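Listed here are the chains, written in short residue letters.
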Amino acid sequence: MLDIQLLRKDLTNVAQRLASRGFTLDTAAIEALEAERKEIQTRTQDLQARRNQLSKQIGMAKGKGEDATALMSEVGGLSEELKLGEERLAGIQEDLAGFMMNIPNLPHASTPVGKDEKDNVEVRRVGTPREFAYEPLDHVDVGENLELLDFPTATKIASSRFALMRGSLARMHRALTQFMLDTHTLEHGYEEVYVPYLVNADSMRGTGQLPKFEEDLFKLSNGMYLIPTAEVPVTNIVRDEIIPVENMPIKLVAHTPCFRSEAGSYGRDTRGMIRQHQFDKVEMVQFVRPEDSYDALEELTGHAEAILQKLDLPYRVMALCSGDIGFSSAKTYDLEVWLPAQNTYREISSCSNFEAFQARRMQARFRDVKDGKAGKPELIHTLNGSGLAVGRTLVAILENYQNPDGSVTVPDVLRPYMGGLTQLVKE
RNA sequence: GGAGAGAUGGCUGAGUGGUCGAAAGCACCGGAUUCGAAAUCCGGCGUACGGUUUUACCGUACCAAGGGUUCGAAUCCCUUUCUCUCCGCCA
């Protein structure tokens, strides 16, 4: 959520910056709502003040045993107008809040301006794609030839967009998760957390999935939601909290499954495990002081990159343009891993700075200490990034580490997690 | 799943219709005292929103959440959520 004060002060500038991400802000509607809000709020609060004053006098009169009927009839005369005003005020506040909840974040000055993913800017490329002496197979063929990957059975059990892994491949999936968590906790200073996979609507609102993107989520019959990313439960840890400044920054990492309905993606990436209803992800989340958040974004992106580097997977870093960043983000880097069979780079991590956008929705604050005195609570900045999407990392390994004989070499860093296994072969 | 008890400021906790945004204690901050500290004393100390002559004052709202009764609700009524105790069940 944006700061309503900013909209009041600088509406045209806000509208311009939002236009750069393809969002049209209805400034006329905002101005009309605001004008109405101001008038009704002032009038209603005046009436409330009058009522409170008179009621106090009634109490005092009764306490002294005096007659209060004149006062009571005067305040009685206010009640209808007051009730009407309170209802209209509540109505307009709700309209305004609904309006605000549907406005995306402002892109940061360093976010490239552009319309869609074609305008994203490549920041750097790391690693050299391997030369194949033959046409490399995609991960589906590699996995199915080894009889370690089984989509038809997953479809029978559940539906399309689910995967079944067996044997050493299932173990590699687990090994990847352990390797990522160990790297972030032991080398990058994150605290590991285990979190609920179901969350309530308040949490979904806090991080920005609701109210706008309900159709992307799986909703349960009791009103809860399956998490689409660990970002939701982990970030909401600080919802409605005031963090002591000495605890900042807070760096958390969690491994969770993620559930996405993938509504609106019919026909896209239907082959293989690129786009699934259920996938595992290791997610990093940081809570930092506002002035530190852009340094933290670079650092966090580096932490995700470190995983790709240790796995020796070629990738590139893309700065998403204003038209392509997510609803809540001010700046996002995507990491794209090289997939030889598709002869292209595919997203494997997304690292974003949300500035105070999520914090304002969540009322997540910290109390600074200035000159030894505790200051007013201030909104924190929140960041998160995948470190990494486990399923897609597995896809990248199957494709990049495949051998002409159909086997797959196990990357060095994963071997300790797999009992020293060096190759995936038919079992 | 059954029975009962509860939810008040950073914490403990008083408050069952009227100067209650809320006693008191603790914690914290400032000052006095002191060579310094402890102790003691004095004062301050919630959040959000709005207004204005914009760092200061005024107003409104907030005692788990939502609704109701009333001139007036922390207090009475209804609904929901959560916590605790006991029983049952379960990994």
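Structure shown above.
Rules behind the numbers
- Residues numbered from 1 in each chain as written.
- Chains lettered and ligands numbered in written order.
- Predicted model: local features only at pLDDT ≥ 70, side-chain atom pairs only at ≥ 80, totals over all residues.
- Heavy atoms only, no water.
- Salt bridge = Lys/Arg side-chain N within 4 Å of Asp/Glu carboxyl O.
- Pairing = 2+ DSSP bridges.
- Helix = DSSP H or I, 4+ residues; strand = E, 2+ residues; numbered from the N terminus.
- Near = heavy atom within 4 Å.
- Polar contact = N/O pair within 3.5 Å; in protein donor to acceptor, adjacent residues only side chain to side chain.
- Nonpolar A, V, L, I, M, F, W, Y, C, P; charged D, E, K, R; others polar.
- Buried < 20%, exposed > 50% of the residue type's maximum accessible area, 1.4 Å probe, protein only.
- Lys, Arg positive; Asp, Glu negative; His and termini not counted.
- Contact = heavy atoms within 4.5 Å.
- Axes fitted to C-alpha atoms, helices over the stretch in contact; angles between N-to-C directions.
- Parallel < 35°, antiparallel > 145°, perpendicular 65-115°, else oblique.
- Left-handed = near helix turned anticlockwise from the far one by under 90°.

Colleague: Lay out the pattern of salt bridges in plain terms, naming residues and giving numbers.
Modeller: Scanning the model with the defined rule gives 26 salt bridges in all. In this structure, Glu214 and Lys219 form a salt bridge, with 3.6 Å as the shortest nitrogen-oxygen distance. Salt bridges sharing common partners tie together Glu122, Arg125, Arg316 and Glu336.

Colleague: Mind laying out the sheet that holds strand E9 (residues 331–339), listing which residues take part and the relevant values?
Modeller: If you walk across this open sheet you meet the 8 strands as E1-E8-E9-E10-E13-E7-E6-E2, and the pairing is mixed. Two strands close off the open sheet at either side, each with one partner strand: strand E1 (121–126) and strand E2 (191–192). As paired strands, strand E8 (residues 315–319) and E9 are joined by 5 bridges and run antiparallel to one another. If you follow Ala319 over to E9, its bridge partner there is Tyr333.

Colleague: Quick rundown of the protein's contact with RNA strand B? Include the residues and the values.
Modeller: Near RNA strand B, the surroundings consist of 21 residues, among which Arg8, Gln48, Ala49, Arg51 and Ser55 are the closest. Of everything in RNA strand B that lies within 4 Å of the protein, sugar and phosphate atoms constitute 72%. Measuring from a sugar or linking oxygen of RNA strand B, one finds a side-chain N or O atom of Arg37 at 3.1 Å. Residue Arg51 places a side-chain N or O atom 3.1 Å away from a phosphate oxygen belonging to RNA strand B. With 13 residues, helix H3 (residues 27–63) is the largest single contributor of residues to the surface near RNA strand B. Across the surface near RNA strand B, the residue classes break down as 5 nonpolar, 7 polar and 9 charged.

Colleague: Explain the side chain of Arg21 residue by residue, including any values.
Modeller: Here Arg21 shows up in the loop between helix H2 (11–19) and H3. No salt bridge forms around the buried Arg21; measuring N to O, its nearest opposite-charge neighbour Asp324 is 9.2 Å away. Only 3.0 Å separates the side chain of Arg21 from the backbone oxygen of Asn105, close enough to count as a polar contact. The contact partners of Arg21, leaving out residues within four places of it in the chain, are Pro104, Asn105, Pro107, Ser322, Gly323, Ile325, Gly326, Phe327 and Ser329.

Colleague: Residues and numbers for the packing of helix H7 (residues 167–186) against helix H10 (residues 293–310), please.
Modeller: Relative orientation of the contacting elements H7 and H10 amounts to 130 degrees, with a least axis distance of 10 Å. Relative to H10, the element H7 lies oblique. Here the hand of the crossing between H7 and H10 comes out right-handed. Within the contact between the two elements, H7 uses Phe179, Met180, Thr183 and His184 and H10 uses His303, Ile307 and Lys310.

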